[in-house]
Amino acid sequence: MPVTRPHVKAALVLVGALALAGCSGSEAATPPHPTWHNGEVNAVSRTTAAAGVAMTTSLRPEGTLETVALDLATGRKLWAHPATMAGRLPGMGVPAPAIVETGEGKAVAVAVDPTRGGRWNATLIGRDARTGTQRWTRPLHSTFGPQRCGAFICVSEHTALAKARIVVLDPATGRPMWKLPGIAEVEWSDASRAVFLRLARHPVLEAHDLRSGKLAWRLPVEQALGAGVDMSGGWSFGATDDNLIGYVAPYTRPATKKVSAFGLLSVKLADGTVNWIRPSVVRVYPSGSPGFAPVVRPVDRQGQYGGFARLDAESGRVLGQIPAAQVPGSGWWLAFPARMEKLGFLKHGRPGTAFDLATGRA
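Residues numbered from 1 in each chain as written. Predicted model: local features only at pLDDT ≥ 70, side-chain atom pairs only at ≥ 80, totals over all residues. Heavy atoms only, no water.

Draft legend 1. Seen up close, the overall build of the protein chain. What the protein chain contains, in helices and strands, is one helix and 31 strands. In summary, the protein chain has a C-alpha radius of gyration of 22 Å against a globular reference of 21 Å for 362 residues, a match within 12%. Based on the C-alpha atoms only, the size of the protein chain along its principal axes is roughly 60 × 60 × 40 Å. For the protein chain, the residues scored as buried account for 48% of the 362 residues in total. Accessible area of the protein chain: about 17,700 Å², with a carbon and sulfur share of 53%. Across the protein chain, the centroid of the 40 positively charged side chains sits 7 Å from that of the 26 negatively charged ones. (Helix = DSSP H or I, 4+ residues; strand = E, 2+ residues; numbered from the N terminus. Rg over C-alpha atoms; globule rule 2.2 N^0.38 Å. Buried < 20%, exposed > 50% of the residue type's maximum accessible area, 1.4 Å probe, protein only. Areas by Shrake-Rupley, 256 points an atom, 1.4 Å probe, with all protein chains shown as cover. Lys, Arg positive; Asp, Glu negative; His and termini not counted. Charge placed at Lys NZ, Arg CZ, Asp CG, Glu CD.)

In structure tokens:
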């Protein structure tokens, strides 16, 4: 999902399974290609999918948002409804709809719709994912948006108020199962548990049982990265099979001009034990999920950046690096291939440079 996510520019949705033609004898494989392409939808959020339905938040030509459902097999638009953002923090980007399977090949899609007038700024609406038929509604003052957490929906409510909370809902009925006070975001979930990042002066990672809300483990983020963590700079999380890897970005406090503690940490999903930490590194953008391919730059006490390094998400050790002396000046932007094994520095109107991230060779 805060977060070191920049503003997402409108782009065409390109969804679908990648098909690889088989090879026979010495014939070369046909390059992967999308099974369909829908050029009518300007996706400004991530795409979510379940039960044969793909969903995204789209930017309409007049500048308003809408929730769009597409048939995953064909790309055909199934339905669309107006969408809104009410309570997202700057830098969080546009929230995606949440979609949860409810059995028998069906799913419920949950999104935030605009509300005109009254005391509420928005309405959380659950709909049949394929038909768009409304199933339930829940009024909201402000929210980060819905998230799927296991077989349930987690939604932050009243995020702009002192009574902020996160509520776990039954997706079929919208009925609240349990709630936590304060502002939080789901960073990982499976069928039985979810890990929440609770945003406060002293942020905490907490794992809770999804049916009962019972606390499984708790880890103050400052216990790993050091005192003075401030989530205002942004964050990003990703998971391996057994671990949650998180990044907290630096933030310069206006009053003191001091930079908050920052870096990467890895936590065991089973019990919240810290596996490894990499303090005082910044995650580059664009970049892979911290749970797949964390690519970072060290920052010294004077605020000077070092080279680029790819870390192993399981161990935190450096897999390969590009020394600062090899970084090709300034005025570039970064590019990665799908497997994140190379790092490219691209420049407008001039040749770029690419490095092998394992060996550091150009």
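Draft legend 2. Seen up close, the packing of aromatic side chains. Within the structure shown, the criterion is met by five aromatic pairs. Centre to centre, the rings of Phe308 and Trp332 are 5.9 Å apart; their planes meet at 65 degrees, and the pair counts as edge-to-face. Of the two residues, Phe308 is situated in strand 27 (residues 308–311) and Trp332 in the loop between strand 28 (318–322) and strand 29 (333–335); the sequence distance between them amounts to 24 residues. By relative accessible area, which is 1% here, Phe308 ends up buried. Considering the side-chain rings of Phe345 and Phe355, the 5.8 Å spacing of their centres and the 90 degrees angle between planes classify their relative orientation as edge-to-face. On the criterion of sequence distance, the pair formed by Phe345 in strand 30 (residues 342–347) and Phe355 in strand 31 (residues 350–356) is long-range, its members being 10 residues apart. A relative accessible area of 1% places Phe345 in the buried class. Ring pairing ties together the aromatic residues Phe308, Trp332, Phe345 and Phe355, which thus form one cluster. Here Arg310 stacks its cationic end above the ring of Phe292, 5.6 Å away from the centre of that ring. (Phe/Tyr/Trp six-rings, centres within 6.5 Å; stacked < 30°, edge-to-face > 60°. Lys NZ or Arg CZ within 6 Å of the ring centre and 35° of its normal.)

Draft legend 3. Local environment of the nonpolar core. Of all hydrophobic cores here, the largest spans 23 residues; its most connected members are Val195, Leu197 and Leu205. Elements supplying a minimum of two residues to this core: strand 18 (193–199), strand 19 (204–209), strand 20 (215–220), helix 1 (221–225), strand 21 (235–239), strand 22 (243–248) and strand 23 (263–268). With residues up to four places along the chain from it excluded, the contact list for Val195 reads Glu185, Val186, Glu187, Trp188, Leu205, Glu206, Ala207, Trp217, Leu244 and Leu269. The next biggest cluster of nonpolar side chains, apart from the first, holds 14 residues, and it includes Val100, Val108, Val112 and Val155. (Core = buried A, V, L, I, M, F, W, Y, C linked by side-chain atoms within 4.5 Å. Contact = heavy atoms within 4.5 Å.)

Draft legend 4. Spatial organisation of the pattern of salt bridges. Inspection of every chain in the model, using the stated rule, returns 11 salt bridges. Of the charged contacts in the structure, one is a salt bridge between Arg60 and Glu62, with a shortest N-O distance of 2.7 Å. In the salt-bridge network here, residues are joined through shared partners; they are Arg60, Glu62 and Glu66. (Salt bridge = Lys/Arg side-chain N within 4 Å of Asp/Glu carboxyl O.)

Draft legend 5. Just the sheet that holds strand 19, in detail. The four strands are arranged 17-18-19-20 in an open sheet whose pairing can be described as antiparallel. Only two strands of the sheet have a single partner each, and these edge strands are strand 17 (183–189) and strand 20. For this sheet, the mean inter-axis angle between neighbouring strands, taken without regard to orientation, is 25 degrees. Two elements, strand 19 and strand 20, share five bridges in a ladder whose sense is antiparallel. Directly across from Ala207, in strand 20, lies its bridge partner Trp217. (Pairing = 2+ DSSP bridges. Axes fitted to C-alpha atoms, helices over the stretch in contact; angles between N-to-C directions.)

Draft legend 6. Representation of the side chain of Thr57 within the structure. On the secondary structure map, Thr57 appears in strand 6 (residues 53–59). Residue classification places Thr57 among the buried residues on the basis of a relative accessible area of 4%. Within polar-contact distance, the side chain of Thr57 engages the backbone oxygen of Pro95 at 2.7 Å. (Polar contact = N/O pair within 3.5 Å; in protein donor to acceptor, adjacent residues only side chain to side chain.)

Draft legend 7. Quick peek at the environment of Gln321. Examined against the element boundaries, Gln321 turns out to sit in strand 28. Linking Gln321 and Arg76, residues 245 residues apart in sequence, is a C-alpha distance of 44 Å. Dropping the residues within four chain positions of it, Gln321 is found in contact with Phe308, Ala309, Leu357 and Gly360.

Draft legend 8. A look at the pairing of strand 21. Of all the five residues making up strand 21, four are buried; the element is thus mostly covered by neighbouring parts of the structure. With five bridges connecting them, strand 21 and strand 22 associate as antiparallel partners. Each residue of the ladder has a partner; that of Trp235, found in strand 22, is Val248. Adjacent in sequence and paired antiparallel, strand 21 and strand 22 are bridged by three residues.

Draft legend 9. Region of interest: the environment of Gly288. Within the secondary structure layout, Gly288 lies in the loop between strand 25 (281–283) and strand 26 (295–298). Along the chain, Gly288 and Met340 lie 52 residues apart, while their C-alpha atoms are 7.2 Å from each other. Leaving out residues up to four positions away in the same chain, Gly288 has contacts with Arg283, Ala293 and Met340.

Draft legend 10. The sheet that holds strand 26, seen in detail. Spatially, the four strands line up as an open sheet ordered 25-26-27-28, and their pairing is antiparallel. The two strands at the open ends of the sheet, each matched to only one other strand, are strand 25 and strand 28. Direction aside, neighbouring strands of the sheet carry axes that sit 30 degrees apart on average. Here two bridges tie strand 26 to strand 27, and the two strands are oriented antiparallel to one another. Bridge pairing in strand 27 links Val296 to Ala309.

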